[in-house]
Structure formats: C-alpha cells, structure tokens
Amino acid sequence: MGGFHADVLFELAGAKQALAIAGAVKGHSNVRETMTGFIASFEFIKRDIISMIVDGDRAAVRCRLTVRFVPNDKTFTTELVDLFKIQDGKIIELVEFADTALIKEITAT
C-alpha cells in the first residue's frame, strides 16, 4: 500500500449489477480493504506484462494473468489492462479492465 496516494481511487471497470465486485473505492483504507479481499480470494500464480505505455503522469499496462480462485480452486488465464495515474510519486488512480464475464463465471459457486 506504500505505493498508493492517500486519496487513491481504485476501480474494477464493469457493471456492478453484472459483477458484484465491480465498481470504485476511494481512499487508502477502502482500497486496502478491497485489495485484502481480492488477495484472500484470488491467488495470482503468474503475471506477464505484454505491453506498457507511459506518458507523463499516466501509464497503461496490458498483462496476461494465471489466477486461482481460492474458494472453488478454479484456475484460469486471462488478460487485463491497468490504467495508472501518478501524483506526488504515488498511484492516485488505478482503473482495471478485466474480463468480468469470465470472473463472474469462475466465481459462481
């Protein structure tokens, strides 16, 4: 969490009615709580950066991930894009675009 600005905004892009974990949270403590939940539920086995673009205080990173959803022990590979905005040397905004349909399918019990 040391890399995040106190006023950080984290968003998993997508419709909340389609995927409950989609949406935005703001502030260090709320982002910490959200990340703690993700870490408890998802084991990130492998992450490969496919491409990255940096322009001033913004960056876009495309990754391929292999992830295990811990509650049902399902492992899957997917791609995502993270959009970062930096302020005062820390991440002030992180918007993540993931395959929410796949996440919904994998997390269904």
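None of the values given here were measured: they were computed from a predicted structure.

Conventions adopted
Per chain, residues are indexed from 1 in the order of the written sequence. Only residues with pLDDT of 70 or above have their local features reported here, since the model is predicted, and side-chain atom pairs are shown and tallied only from 80 upward, although totals for entire chains, interfaces and linings are computed over all residues. Hydrogens are left out, water is left out, and the side-chain values use all remaining heavy atoms of the structure. Any two strands with at least two DSSP-identified bridges between them are counted as paired. Secondary structure elements follow DSSP: runs of H or I of four or more residues count as helices, runs of E of two or more count as strands, with numbering from the N terminus. To obtain an axis, a line is fitted to C-alpha atoms, over the contacting stretch when the element is a helix, and the angle between two such axes runs from 0 to 180 degrees between their N-to-C directions. Think of it in three bands: residues with accessible area under 20% of the maximum for their type are buried, residues over 50% are exposed, and the middle band is partly exposed, with areas taken using a 1.4 Å probe on protein chains only. Any two residues having at least one pair of non-hydrogen atoms within 4.5 Å are treated as being in contact. A 3.5 Å cut-off defines polar contacts: any pair of N or O atoms within that distance qualifies, except that in protein one atom must be a possible hydrogen donor and the other a possible acceptor, and neighbouring residues in sequence count only when both atoms are side-chain atoms.

J.: Would you take a moment to explain the sheet that holds strand β1 (residues 4–12) for this structure?
T.: Consider a sheet: its strands pair through backbone hydrogen bonds, and that pairing is either parallel or antiparallel. Overall, mixed pairing links the 6 strands, which are arranged β2-β1-β6-β5-β4-β3 in an open sheet. Each edge of the open sheet carries a strand with a single partner, namely β2 (23–26) and β3 (42–55). Taking the axes of each pair of neighbouring strands and ignoring which way they run, one obtains an average angle of 20 degrees across the sheet. The sheet contact formed by strand β4 (residues 58–69) and strand β5 (residues 74–87) spans 12 bridges and is antiparallel.

J.: How should I be thinking about the environment of D82 in this particular structure?
T.: Here D82 shows up in strand β5. For D82, a relative accessible area of 3% puts it in the buried group. Sequence separation of D82 and E105 is 23 residues, and the distance between their C-alpha atoms is 21 Å. Not counting the four nearest positions on each side in its chain, D82 is found in contact with R47, A59, A60, V61, L94, V95 and E96. A polar side-chain atom of D82 sits 2.9 Å from a polar atom in the side chain of R47.

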